Amino acid sequence: MAVVTIKDIAKECGVSFSTVSKALKGSSEIGVDTIKNIQETAKRMGYQPNAAARKLRTNRSYDLGVIFEDSTGSGLMHQYFASIFDSFNVTANLKGYNISFLNSVNTEIGSYLTQTRYRGFDGVAIFSTNDFHRADIQELIHSDIPICMLDYVVEEKASSVLSDNKNGMEQLLKFLISKGHRKIAFIHGELSGVTHDRLEAFYSVLKENNIEIPEEYVIEGMYHEPTSSETSTRILLDLPDPPTCILYPDDFAYLGGVKVLNERHLIPGKDISIVGYDGIFLSSVVTPVLTTYAQNAKEIGKQMAELLISKIENSSEKYQIVNVNGKIREGQTVNQL
């Protein structure tokens, strides 16, 4: 059986060789209908790209490295990150790239930069790390390897996709204030760039609205960790003047809080107001439905893949910073005072 080539597809579709090549990569230079026609024709004709030839021709491996360090141990069970990974992977695959995880456990096999060079990755996406300032992370960021990062910025050294945490917190606070709440507590995650942005927005909105809260209303917890939120919720409810509303680090962490509320026969949205963050599927199936800020995980993953691959394929292109906004998903856990 004869091997189908790009020239065969071009002849079948009545287009040029270069048009077929761009269409198979999903290039934005080609119209959507043309891409669809060419890709469907290629599939019908049984076209199989020659990976080895492509690597030799372009001097690229078409492999992307991924760094994901997770202190909570939840890994891809964390729906927010899982959704980002899925979108990143789908977008990369459509552009002809595969993804692999860099080893973050066995340090004996070498630093991230050493692993990246050894495995021949064209670029690396950093989704999460326990410390962006750590030497091995900074070594990778400041190398000649194309990098894209989530929620961390090093201008002119890497592209970044930011879930606009300041905007998200501002929206949540203004929404709560519009409902009459002034005694608002915040259980935030461990200190990081994300936490810093949320705290800054939290205090800024309170100040703008002449709202003062006691220091005890702001407690450090952990992201995606219900036990920590359970402890913090008990502390807040035991205060002489407890809050009328509690913001949790994320939707999953809220499960620790709701355990305490159930023990004390407090109904969210009636006896006390509760707000989450992330907008994962869980928030829509708990009872009552959780009011939360839904981050656009699908768009975040797509943007990360596109920015990273764009830099790989055009080394002279400047690194970019993209903000992705989400929106409040109003449930049943915030009451009107």
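Quick note: structure is the one above.
Residues numbered from 1 in each chain as written. Predicted model: local features only at pLDDT ≥ 70, side-chain atom pairs only at ≥ 80, totals over all residues. Heavy atoms only, no water.

A. Quick peek at the environment of Lys95. Checked against the element boundaries, Lys95 lands in the loop between helix H5 (79–94) and strand S2 (98–101). For Lys95, a relative accessible area of 21% puts it in the partly exposed group. Taking C-alpha positions, Lys95 is 9.8 Å from Lys22, a pair spaced 73 residues apart along the chain. Contact partners of Lys95, with chain neighbours within four places excluded, come to Lys25, Gly26, Glu306 and Ile309. (Helix = DSSP H or I, 4+ residues; strand = E, 2+ residues; numbered from the N terminus. Buried < 20%, exposed > 50% of the residue type's maximum accessible area, 1.4 Å probe, protein only. Contact = heavy atoms within 4.5 Å.)

B. Spatial organisation of the pattern of salt bridges. The full count for this structure, using the stated rule, is 13 salt bridges. Its salt-bridge partner being Glu69, residue Arg134 comes within 2.6 Å of it at the nearest N-O pair. Pair noted here: Arg134 is in the loop between strand S3 (123–128) and helix H7 (135–141) and Glu69 is in the loop between strand S1 (63–68) and H5, with a separation of 65 residues, a long-range link. For Arg134, a relative accessible area of 27% translates into the label partly exposed. Given the relative accessible area of 6%, Glu69 is considered buried. The network of salt bridges with common partners includes Glu230, Arg234, Lys259 and Glu263. (Salt bridge = Lys/Arg side-chain N within 4 Å of Asp/Glu carboxyl O.)

C. Representation of the nonpolar core. Of all hydrophobic cores here, the largest spans 39 residues; its most connected members are Leu173, Leu176, Phe202, Ile246, Leu247 and Ile274. Taken together, the elements giving at least two residues each to this core come down to helix H8 (165–178), strand S6 (184–188), helix H9 (193–208), strand S7 (218–220), helix H10 (226–237), strand S8 (245–247), helix H11 (254–263) and strand S9 (273–275). Tallying contributions element by element places H8 first for this core, with six residues. Contact partners of Leu173, with chain neighbours within four places excluded, come to Ile184, Phe202, Val205, Leu206 and Leu247. Judged by nonpolar contacts, the second largest core, of 27 residues, contains Tyr62, Tyr97, Leu150 and Leu307. (Core = buried A, V, L, I, M, F, W, Y, C linked by side-chain atoms within 4.5 Å.)

D. Inspection of the packing of helix H1 (residues 6–13) against helix H3 (residues 32–45) at higher detail. Their axes nearest at 10 Å, the elements H1 and H3 cross at an angle of 120°. The orientation of H1 relative to H3 falls into the category oblique. Crossing handedness for the pair H1 and H3: right-handed. Judged by residue contacts, Asp8, Ile9, Glu12 and Cys13 of H1 engage Asn37, Ile38, Thr41, Ala42, Arg44 and Met45 from H3. Class assignment for the residues of the contact of H1 with H3 results in five nonpolar, two polar and three charged. (Axes fitted to C-alpha atoms, helices over the stretch in contact; angles between N-to-C directions. Parallel < 35°, antiparallel > 145°, perpendicular 65-115°, else oblique. Left-handed = near helix turned anticlockwise from the far one by under 90°. Nonpolar A, V, L, I, M, F, W, Y, C, P; charged D, E, K, R; others polar.)

E. Inspection of the sheet that holds S1 at higher detail. Read across the open sheet, the six strands follow the order S2-S1-S3-S4-S5-S11; overall the sheet is parallel. Looking at strand neighbours, the two that pair on one side only are S2 and strand S11 (321–324), the edges of this open sheet. Neighbour-to-neighbour, the strand axes of the sheet open up by a mean angle of 20°, direction not taken into account. Inspection of the sheet shows S1 paired to S2 by four bridges, in the parallel sense. By the bridge assignment, Val66 is partnered in S2 with Phe101. (Pairing = 2+ DSSP bridges.)

F. Region of the structure containing the sheet that holds S8. Across the sheet, four strands lie side by side as S7-S6-S8-S9; this open sheet has parallel pairing. With one partner strand each, in any of the chains shown, S7 and S9 form the two edges of the open sheet. Strand-to-strand, the axes of this sheet are offset by a mean angle of 15°, without reference to chain direction. As paired elements, S6 and S8 share three bridges and run parallel to each other. Considered in S8, the bridge of Ile184 is made with Cys245.

G. Up close: the packing of H8 against H9. It is at 8 Å that the axes of H8 and H9 come closest, and there the two elements cross at 35°. You can see that H8 and H9 cross each other, and the crossing is right-handed. On H9, the residues that touch Asn165, Lys166, Met169, Glu170, Leu173, Lys174 and Ile177 of H8 are Val194, Asp197, Arg198, Glu200, Ala201, Phe202, Val205, Leu206 and Glu208. Tallied by class, residues from the contact of H8 with H9 come to eight nonpolar, one polar and seven charged.

H. Molecular detail of the packing of aromatic side chains. Using the criterion set out here, one finds twelve aromatic pairs in the structure. Seen from their ring centres, Phe202 and Tyr203 are 5.4 Å apart, and the 75° between their planes marks the pair as edge-to-face. Judged by its relative accessible area of 43%, Tyr203 falls in the partly exposed class. One aromatic cluster in this structure is built from Phe68, Tyr80, Phe81, Phe85, Phe88, Phe101 and Phe127. In this arrangement the basic side chain of Arg198 is found over the ring face of Tyr277, its NZ or CZ atom lying 3.6 Å from the centre. For Lys311, the ring lying beneath its charged end belongs to Tyr319, and the centroid distance is 4.5 Å. (Phe/Tyr/Trp six-rings, centres within 6.5 Å; stacked < 30°, edge-to-face > 60°. Lys NZ or Arg CZ within 6 Å of the ring centre and 35° of its normal.)

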